[in-house]
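Spelled out from the first residue to the last, the chains are:
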Amino acid sequence: MGYASKKLNTENGHGPLKRAQVVVKWLCNLLLLPITALVKTAGWLINHAGQWWKDRKLKNLLYGLPALALAGFAIYFVLGHRMSSRFTRAAKYAAAGEQALREENWGVANLYLGRAIEMGVDNNETRFQLAKAAEKSNDGPRMVAILESLAPDDRAVYTPAHLWRALSILQKNPVVPTEVQVAEKQLTLALELDPGNPMANGLLGDMYYQSRLFDAAIQHLGKTSIQQPRYRLMLAKIWQAKGNAEKSFSHAREAEQGAEIQCVQNPRDIGKRLIYAESVLLQQRYRECIEILSVGLQQADDPGLRNALSMALVDWSDNLLAESPNNRGAAFELIAKSLENTPNDSLIFDRLMQMLKADAQDDVSEKIKTFLRKNIALGRATGVSHLILGTALFESGDSENAGFHYRKAFELTPAAPLIANNFAWYLLKSSPPAPEQALQIMNAIIKEKPVGPEYRDTRAHIYLELGQWEQAITDFESTLPQLTTRIETHEGLQKAYTNLEMTELADQHQRLAETLREQASSPDQ
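Quantities reported herein were computed from a predicted structural model and do not represent experimental measurements.

1. What about the overall build of the chain?
From N to C terminus, the chain includes 25 helices and 0 strands. Here the chain holds 525 residues, and the buried ones make up 38% of them. Intrachain contacts of the chain at a sequence separation of at least 6 include 47% that bridge at least 24 residues. When the accessible surface of the chain is split by element, carbon and sulfur atoms take 54% of a total near 30400 Å².

Structural data, given as structure tokens:
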């Protein structure tokens, strides 16, 4: 009884183990089946091939053909399984890399996409994604190497890469001129692959617009859509410059439609609002333009919106004066509003000075002076109000009272380039002149702020007064591209070169000054 019981327990204990061993053995045989078949088939094939070689009988060769087919199938199965597994892993790396790229996990994306390409997922799209990941993870050498193949300078390869390379150049500040040529070439190559690409056409049209190559700009900007109101606005401005009001208004309406939709979708987008306002302004709908900008200013007190509002008021004022000189009063009211909005704008200063100089039989000039005095009394736009009064007095010959207003303007707003420039000019031309103080003022302004050519022109005249001829020439010549037709600039250069005993250059500028003076005095001018 005891023996039988012991035997039964042993069988019960080893039964499951034996069954497991059988299952494992069966699975191993199944997995090894392709290899076993390959080995046996190879033996069969070698045997029949040897027999055929020995007897040269066709039947032995035919008997070997099934073995050859089976061997080929087994090889295909084994290698195919390995390749399928490799490509599956590569695809998973690529998918993980793209997901990391979307999540802005640049280092992980760079790693996974690089691994995917190493394992065989080597297409242009994946390589381009890797270039973007490399750029964001500061892997410059990898990014450059990829772009050299996807976006070379001598042939068109992959549109997104050409666009990305061009855009990365154009977004720099400042852009080096040689790099602008590279960007232009990249956009041209992108258009070889996709002639209707709206981004490439827009960017290339923008480049030509900035370079004032209007005909070339029209060719590309015309291929953009209403969903790109910025480019439609450029077209409107080009046709305005060409004197075609009908086409200008047409494209301005297109820009307005696109920008209005974008403003409704995102009312706080200042850039879109500025495009919306300018497209309406080009159609001379001044009240609507001012309303658009005023709504934006209620949401955010942005300097760009303020400047745009002032320019709209100035443009409206200019339009009224162009319609009739009798509109001087209404035009002044608009300029007064713009002065309150942006008090240190040189364009507003110029418009008020023109009105003060105008030979008119009305009381607008006195209204302007009263307005400026009221500003000073109320502490509103005080600096520029003193400046305008001082300039008007100086030009009328009242140098003493002019000096009072100039000094007050500078004391109140010493950092305003417009006021500093005019005060320095007054110091240079007053009696006695004070060129040293004027130079100190202009040096500070030019050092601290990006300024226009008029400011360097003022400093050049100061250098002339001080006898610093080379410094005067440097400043004068830096302004020549913008002030080519200014007689005083060529006279200043003639004086400086004469004192340096460089007579040929002095004579050249003297002739230019005389020619410009003759043109200015001609009845046709």
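2. Structural notes on helix α14 (residues 303-323)
Given a rise of 1.5 Å per residue, 21 residues ought to cover 30 Å, and the 30 Å separating the end C-alpha atoms of α14 matches this to within 8%. Along α14, the residues that are buried comprise Leu 305, Leu 309, Ser 310, Ala 312, Leu 313, Val 314, Trp 316, Ser 317 and Leu 320. On the buried face of α14, the contacting elements are α12 (270-282), α13 (286-299), α15 (328-341) and α16 (346-357). Two or three places before Gly 304, at the opening of α14, Asp 302 has a side-chain oxygen 2.9 Å from that residue's backbone nitrogen.

3. Focus on the packing of aromatic side chains
Under the defined criterion, the tally for this structure stands at 10 aromatic pairs. Each ring, one from Phe 394 and one from Tyr 406, has its centre 6.3 Å from the other, and the planes form 75 degrees; the classification is edge-to-face. Here the residue Phe 394 occupies a position in helix α18 (residues 382-395), and Tyr 406 occupies one in helix α19 (residues 399-412), the gap between them amounting to 12 residues. Taking relative accessible area as the criterion, Phe 394 reaches 23% and is therefore assigned partly exposed. Residue classification places Tyr 406 among the buried residues on the basis of a relative accessible area of 3%. Through a chain of ring-to-ring contacts, three or more aromatic side chains come together here, namely Phe 394, Tyr 406, Phe 410, Phe 423 and Tyr 426. One Lys or Arg, Lys 136, reaches over the ring of Trp 106 and ends 5.7 Å from the middle of that ring. Between the NZ or CZ atom of Lys 247 and the centre of the ring of Trp 239, over which it lies, the distance is 4.3 Å.

4. Description of the environment of Ala 156
Secondary-structure assignment places Ala 156 in the loop between α5 (140-150) and α6 (159-170). Residue Ala 156 is classed as partly exposed on the basis of its relative accessible area, which comes to 25%. In this structure, Ala 156 is in contact with His 162, Leu 189, Glu 192 and Leu 193, ignoring residues within four places of it in sequence.

5. Some remarks on the packing of α13 against α14
Where α13 meets α14, the closest approach of the two axes is 9 Å, and the angle between their N-to-C directions is 165 degrees. With respect to α14, the axis of α13 lies roughly antiparallel. Seen along the crossing, α13 lies across α14 with a hand that is left-handed. When α13 is examined against α14, the residues Tyr 286, Arg 287, Cys 289, Ile 290, Leu 293, Gly 296 and Leu 297 are found in contact with a partner set consisting of Leu 305, Arg 306, Ala 308, Leu 309, Ala 312, Leu 313, Asp 315, Trp 316 and Asn 319. For the contact of α13 with α14, the per-class residue count stands at 11 nonpolar, 2 polar and 3 charged.

6. Description of the layout of surface pockets
In this structure, the largest pocket occupies an estimated 660 Å³ of space. If you trace the largest pocket, you find 22 residues lining it, with Phe 349, Asn 421, Asn 422, Glu 454 and Arg 486 closest to the centre. Going through the elements one at a time, α16, α18, α20 (417-429) and α22 (453-466) are the ones with two or more residues in the lining of the largest pocket. Ranked by the residues each element gives to the lining of the largest pocket, the list is headed by α16, at 6 residues. Counted by class, the lining of the largest pocket contains 8 nonpolar, 7 polar and 7 charged residues.

Conventions used here
- Residues numbered from 1 in each chain as written.
- Predicted model: local features only at pLDDT ≥ 70, side-chain atom pairs only at ≥ 80, totals over all residues.
- Heavy atoms only, no water.
- Helix = DSSP H or I, 4+ residues; strand = E, 2+ residues; numbered from the N terminus.
- Buried < 20%, exposed > 50% of the residue type's maximum accessible area, 1.4 Å probe, protein only.
- Contact = heavy atoms within 4.5 Å.
- Areas by Shrake-Rupley, 256 points an atom, 1.4 Å probe, with all protein chains shown as cover.
- Expected span 1.5 Å × (residues − 1).
- Polar contact = N/O pair within 3.5 Å; in protein donor to acceptor, adjacent residues only side chain to side chain.
- Phe/Tyr/Trp six-rings, centres within 6.5 Å; stacked < 30°, edge-to-face > 60°.
- Lys NZ or Arg CZ within 6 Å of the ring centre and 35° of its normal.
- Axes fitted to C-alpha atoms, helices over the stretch in contact; angles between N-to-C directions.
- Parallel < 35°, antiparallel > 145°, perpendicular 65-115°, else oblique.
- Left-handed = near helix turned anticlockwise from the far one by under 90°.
- Nonpolar A, V, L, I, M, F, W, Y, C, P; charged D, E, K, R; others polar.
- 1 Å grid on protein atoms, 1.4 Å probe; cavity = no way out; pocket = protein on both sides within 12 Å on 5 of 7 lines; lining within 4 Å.
- Points joined across faces, edges and corners; volume = space filled by probe spheres on them.

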